[in-house]
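A look at the structure
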Amino acid sequence: MATGRIAIVGAGPRGMAAALAAIRVGFDVTIFERFPEVKAAGNILNLWPPPQKVLKLIGVDTRDLGAPCDLSFQSSKGKVRAQVKMPQSVLDEYGGGFIGLLRFGLYRRMLAALPPGVIRVDHDVVGVADTGCSVRLDFANGTHHDADVVIGADGINSFVRKAIWGDQPIRHQKLHLVGGYLFVDDAPDGKGVLSHNRTTQVSYTPIRHEGKWGYEWWVLEACDPAAPPPSDLKGFCQASAAGFPQKVRDLIKATPVEHLQRWEIRDRPPIPQWSRGRVTLVGDAAHPTSPYAAYGAGMSIEDGYFLARELAAVDITDDASVKGALQQYEDRRKPHTSRVSQEAYHTGRMFHHLPAPLRPIRDLVFDHTNFL
């Protein structure tokens, strides 16, 4: 079993996944969270089979975690443009392409898998100092902590990333998303639909949460980041979905307003290097990704698993060995995460920022070719 001290900054799914993976191979792990409690950021979530597999491997109870579904891309009039097809072996094991669930359901499963005392809340990092043989974290509460390796899992506005690489611009995609969820009495039909008209995406998938069936849905379109957000989120969604199939309009209408959330879509262009010395990054701190990939959280979970594997193979008290392991980790992950994040960015532009005269041509291609 591996030995050594790992400190993780950020207690979201990316931080908890990194911790669970590192604990399973023997490391002494501490997670530092700046808020007074661990709370889910966001409401709705989808996970593809690879992160589901990782969650199971690192000790998370994945039984009945979400609702599996078959996914299709459609026009707002219901014309199927593409069907996401999975190998039969994947369907046999996971039931569908991906699962729909609620973020706080995943948080609870991951928190339950962590040993007591791993997370320390109210620890806002204000300093990261790599001494060569260890890394010192300083906190706003006046305490400090020394570790052999520090992992920045603190999101798109990562303090750890800024500490090792300086300020870098966030890419505002001039898109926003309003998502909601509701519970239903009967099991859904297992179908998920991503549908678009010329300016807007209105989509839904089934969900499963703590033994209850339901649906999640979202409305996504271009926005002006300088403009105030809609004051009536439900009214905004109903107006945007007016030309879409009745099913998704009924779901929006039946959703309690307290189950709605809006967020602007931002990411960063891929960077050539994540790690520096004994410090590295996972998840949105390394590769923030638009929800157009439906894979941001999934890639974050995968990062921690592969990072722990590389660190477990070396003596992390040895400076050269740990630097080599961190480089191996990011060299393995960067081609995949860069491709997914850039594809998500360009897909969002294709659907929502194409000049108006080109949109009919785009939709003609989508409707009558296998482009998608």
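It should be noted that the structure appears before, not after, this text.
Just so we're clear, the structure is a prediction, and the values are computed from it rather than from any experiment.

1. Observations concerning the pairing of strand E1 (residues 5–9)
Along any regular strand, the residues point their side chains to alternate faces of the sheet. Most of E1 is tucked away: 4 of the 5 residues are buried. Pairing of E1 with strand E2 (residues 28–32) involves 5 bridges; the strand directions are parallel. Note that in E2 the partner of Ile 8 across the bridge is Ile 31.

2. Digging into the packing of helix H2 (residues 49–57) against helix H8 (residues 296–312)
When two helices pack together, their arrangement is captured by the angle between the axes and the distance separating the axes. Across the interface, H2 lies against H8 with an axial gap of 9 Å and an inter-helix angle of 40°. When the interaxial angle is binned, H2 and H8 end up oblique. For the crossing formed where H2 meets H8, the hand is left-handed. On H8, the residues that touch Pro 50, Pro 51, Val 54, Leu 55 and Leu 57 of H2 are Gly 298, Ile 301, Glu 302 and Tyr 305. Taken together, the residues of the contact of H2 with H8 break down into 7 nonpolar, 1 polar and 1 charged.

3. Re the nonpolar core
Grouped together as the largest cluster of nonpolar side chains are 61 residues, with contacts concentrated most on Ile 6, Ile 8, Leu 47, Leu 55, Ile 58, Leu 106 and Leu 311. Those residues in contact with Ile 58, other than ones at most four positions away along the chain, are Ala 17, Leu 20, Ala 21, Arg 24 and Tyr 305. Formed by 22 residues, the second largest nonpolar core is a distinct cluster that contains Cys 69, Leu 175, Leu 220 and Ala 344.

4. Observations concerning helix H1 (residues 13–24)
With 12 residues, H1 extends 16 Å between its outermost C-alpha atoms, agreeing within 8% with the 16 Å of an ideal straight helix rising 1.5 Å per residue. The buried count for H1 comes to 9 of 12 residues, which makes it a mostly enclosed element. Pro 13, Gly 15, Met 16, Ala 17, Ala 18, Ala 19, Leu 20, Ala 21 and Ala 22 are the residues of H1 that are buried. Packing partners of the buried residues in H1 comprise E1, E2, helix H4 (103–113), strand E11 (149–152) and H8. Just downstream of H1, Gly 26 is the residue with a positive phi angle, here 110°.

5. Section: the pairing of strand E12 (residues 171–184)
With respect to burial, E12 is a largely interior element, 10 of its 14 residues being buried. Two strands pair when backbone bridges link them, and E12 and strand E16 (residues 260–267) are joined in this way by 7 bridges, in the antiparallel orientation. Its bridge partner being in E16, Leu 177 is matched across the sheet by Trp 263. Judged from the 10 bridges that link them, E12 and strand E15 (residues 212–222) form a sheet pairing that is antiparallel.

6. Side note on the pattern of salt bridges
For the structure on display, the rule yields 23 salt bridges. Note that Arg 14 is salt-bridged to Asp 284, the shortest N-O span being 4.0 Å. One end of the pair, Arg 14, is in helix H1; the other, Asp 284, is in the loop between strand E17 (279–281) and H8, with 270 residues separating them in the sequence. For the salt bridge of Arg 262 with Glu 264, the shortest nitrogen-to-oxygen distance reads 3.5 Å. Judged by its relative accessible area of 26%, Glu 264 falls in the partly exposed class.

7. Some details on the layout of surface pockets
Looking at the second largest pocket, its volume works out to about 280 Å³. As for the second largest pocket, its lining consists of 14 residues, and the residues nearest its centre are Gln 52, Thr 62, Arg 63, Glu 93 and Tyr 94. Taken together, the elements giving at least two residues each to the lining of the second largest pocket come down to H2 and helix H3 (88–94). Residue contributions to the lining of the second largest pocket peak at 3 residues, all from H2.

Parameters and conventions
- Residues numbered from 1 in each chain as written.
- Predicted model: local features only at pLDDT ≥ 70, side-chain atom pairs only at ≥ 80, totals over all residues.
- Heavy atoms only, no water.
- Buried < 20%, exposed > 50% of the residue type's maximum accessible area, 1.4 Å probe, protein only.
- Helix = DSSP H or I, 4+ residues; strand = E, 2+ residues; numbered from the N terminus.
- Pairing = 2+ DSSP bridges.
- Axes fitted to C-alpha atoms, helices over the stretch in contact; angles between N-to-C directions.
- Parallel < 35°, antiparallel > 145°, perpendicular 65-115°, else oblique.
- Left-handed = near helix turned anticlockwise from the far one by under 90°.
- Contact = heavy atoms within 4.5 Å.
- Nonpolar A, V, L, I, M, F, W, Y, C, P; charged D, E, K, R; others polar.
- Core = buried A, V, L, I, M, F, W, Y, C linked by side-chain atoms within 4.5 Å.
- Expected span 1.5 Å × (residues − 1).
- Salt bridge = Lys/Arg side-chain N within 4 Å of Asp/Glu carboxyl O.
- 1 Å grid on protein atoms, 1.4 Å probe; cavity = no way out; pocket = protein on both sides within 12 Å on 5 of 7 lines; lining within 4 Å.
- Points joined across faces, edges and corners; volume = space filled by probe spheres on them.

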